[in-house]
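# Structural features, examined
Below, each chain spelled out in residue letters.
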Amino acid sequence: MPTCANVARAQSWNDLRSRCARQKPTLRGAPAELPFQIDALALGSKYTFEARSGDLDLLGWVEPLGEYEAVAMNADALPFGRHELLVVSLHDPIKVWQHFQRPKD
């Protein structure tokens, strides 16, 4: 049931592809008739989807924090059904905002 928890536990490319495919993702904001092949995930590091269980964002790199492992290290673990869901800590978006020196969003 929980999309994010299932994707976060993927152990390999094939596992990630399988878990994502079960959710029947489509690229958020893309025309409905635009086909999406889940293998296209190998071509980038940021995707936003609409899926059966809700919106899903896959981020392979977050500037200036780094890769998933660096973000996950500071993440807060929240119970989500039978799973634990990692959620970006409040401090990390602040670091990103300060890095880019963007005005308040």
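Structure's up top.
Now for a quick tour of the structure.

How each quantity is defined
Residues numbered from 1 in each chain as written. Predicted model: local features only at pLDDT ≥ 70, side-chain atom pairs only at ≥ 80, totals over all residues. Heavy atoms only, no water. Helix = DSSP H or I, 4+ residues; strand = E, 2+ residues; numbered from the N terminus. Buried < 20%, exposed > 50% of the residue type's maximum accessible area, 1.4 Å probe, protein only. Contact = heavy atoms within 4.5 Å. Pairing = 2+ DSSP bridges. Core = buried A, V, L, I, M, F, W, Y, C linked by side-chain atoms within 4.5 Å.

## Some words on the overall build of the protein chain
When its secondary structure is counted, the protein chain shows four helices and seven strands. Counting helices and strands in the order they occur from the N terminus, the protein chain gives α-α-β-β-β-β-β-α-β-β-α. Residue burial in the protein chain is summarised as follows: out of 105 residues, 27% are buried. Within the protein chain, residue pairs in contact and separated by at least 24 positions form 38% of the contacts whose partners lie at least 6 positions apart.

## Points about the pairing of strand β6 (residues 76–80)
Bridge count between β6 and strand β7 (residues 83–87): five bridges; the pairing is antiparallel. Bridge pairing in β7 links A77 to L86. Joining the antiparallel neighbours β6 and β7 is a turn of two residues, in which G81 adopts a positive phi near 60 degrees.

## Comments concerning the nonpolar core
Listed in full, the six residues of the largest apolar core are C20, F36, Y47, F49, L56 and L58. Breaking this core down by element, the ones donating at least two residues are β2 (46–51) and β3 (54–59).

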